[in-house]
Amino acid sequence: MLLFGYGDGGGGPTPEMIERLSRLSAVKGLPRITCSTPNKFFSVVEKSDKMLCEWWGELYFELHRGTYTSHAKLKEMNRKCEFLMTDLEFLSAHDKNDIISCASIEEMWKIVLFNQFHDILPGSSIQKVFEDAIEDYDRFLVMWEAEYTKFHQLGSGVEGEDCVINLTTGAGNRW
């Protein structure tokens, strides 16, 4: 069984997906593809094997530690924003002049956390949700840049001394 379409938020399959399904069903060498319902699928499965396992209780996959997505840009932006927030909080902790706004930090964290909602990050929402999330991340980046620039321009708060802070903990780009 292969479920397809744009998420479970009402997007459903597109005409292009239906066309691809139709074309692939006739390709020699590929498994036979049929479009059906879950009820028909499970009816066939039940008839084909009497040794099916039964599971009682909650399904928890111990080895499932990640979330796949059909919207890689959102995953990339989420990770980038997490790293940037770590950097900003580090700077804020060393900010003797209270240059970095605590209200901005809170608002930025709300953007990041809101967009980690279970239907946004894995890519199972409708298209408008993803467009809104990208706008949120863009707004986050503007806010972060403003706080970072303000801190840089006004100094670290270490009076009479230059201060060098290395925010990179490893080689290369972290996102």
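Everything below is about the structure shown above.
Quick summary incoming for the structure in this document. Fair warning: this is a prediction, and the values are worked out from it, not measured in the lab.

Turning next to the overall build of the protein chain. When helices and strands are counted, the protein chain shows six helices and zero strands. Listed N to C, the secondary structure of the protein chain is α-α-α-α-α-α in terms of helices and strands. Classification of the 175 residues of the protein chain by burial places 23% in the buried group. Long-range contacts, defined here as pairs at least 24 residues apart, represent 66% of the contacts in the protein chain between residues at least 6 apart. Of the roughly 13300 Å² that the protein chain leaves accessible, carbon and sulfur atoms contribute 58%.

Ranked by size, the top nonpolar core spans 22 residues in total, and within it Leu-74, Met-85, Leu-88, Ile-100, Met-108, Phe-140 and Trp-144 carry the most contacts. If you list the elements that add at least two residues to this core, you get helix H4 (72-93), helix H5 (102-114) and helix H6 (127-154). Excluding residues that lie within four positions of it along the chain, Phe-140 makes contacts with Cys-81, Leu-84, Met-85, Met-108, Ile-111 and Val-112.

Attention now goes to the packing of H4 against H6. Following both chains from N to C, one finds H4 and H6 inclined at 25°, their axes separated by 11 Å at the closest point. For the element pair H4 / H6, the angle class is roughly parallel. The chirality of how H4 crosses H6 is left-handed. The residues of H6 that touch H4, namely those facing Lys-73, Leu-74, Met-77, Asn-78, Lys-80, Cys-81, Leu-84, Met-85, Leu-88 and Leu-91, are Phe-130, Ala-133, Ile-134, Tyr-137, Phe-140, Leu-141, Trp-144, Glu-147, Tyr-148 and Phe-151. Classifying every residue of the contact of H4 with H6 by side-chain character gives 16 nonpolar, one polar and three charged.

Counted by the stated rule, this structure contains seven salt bridges. Among the ionic pairs, Asp-132 bridges to Lys-128, the shortest N-O distance being 2.9 Å. Taken together, the residues span about one helical turn, with Asp-132 and Lys-128 both in helix H6 at a distance of four residues. Note that Glu-147 is salt-bridged to Lys-150, the shortest N-O span being 3.3 Å. On the criterion of helical spacing, the pair formed by Glu-147 and Lys-150 is a turn pair, its members being three residues apart in helix H6. On the accessibility criterion, Glu-147 (5% relative accessible area) is buried. Residue classification places Lys-150 among the partly exposed positions, given a relative accessible area of 30%. Linked through salt bridges whose partners overlap, the residues forming this network are Glu-107, Asp-136 and Arg-139.

Okay, the side chain of Asp-136 next. When you line up the elements, Asp-136 lands in helix H6. Ignoring any residue separated from it by four or fewer positions in sequence, one finds Asp-136 in contact with Ile-111, Phe-114 and Asn-115.

What counts, and where the lines are drawn
- Residues numbered from 1 in each chain as written.
- Predicted model: local features only at pLDDT ≥ 70, side-chain atom pairs only at ≥ 80, totals over all residues.
- Heavy atoms only, no water.
- Helix = DSSP H or I, 4+ residues; strand = E, 2+ residues; numbered from the N terminus.
- Buried < 20%, exposed > 50% of the residue type's maximum accessible area, 1.4 Å probe, protein only.
- Contact = heavy atoms within 4.5 Å.
- Areas by Shrake-Rupley, 256 points an atom, 1.4 Å probe, with all protein chains shown as cover.
- Core = buried A, V, L, I, M, F, W, Y, C linked by side-chain atoms within 4.5 Å.
- Axes fitted to C-alpha atoms, helices over the stretch in contact; angles between N-to-C directions.
- Parallel < 35°, antiparallel > 145°, perpendicular 65-115°, else oblique.
- Left-handed = near helix turned anticlockwise from the far one by under 90°.
- Nonpolar A, V, L, I, M, F, W, Y, C, P; charged D, E, K, R; others polar.
- Salt bridge = Lys/Arg side-chain N within 4 Å of Asp/Glu carboxyl O.

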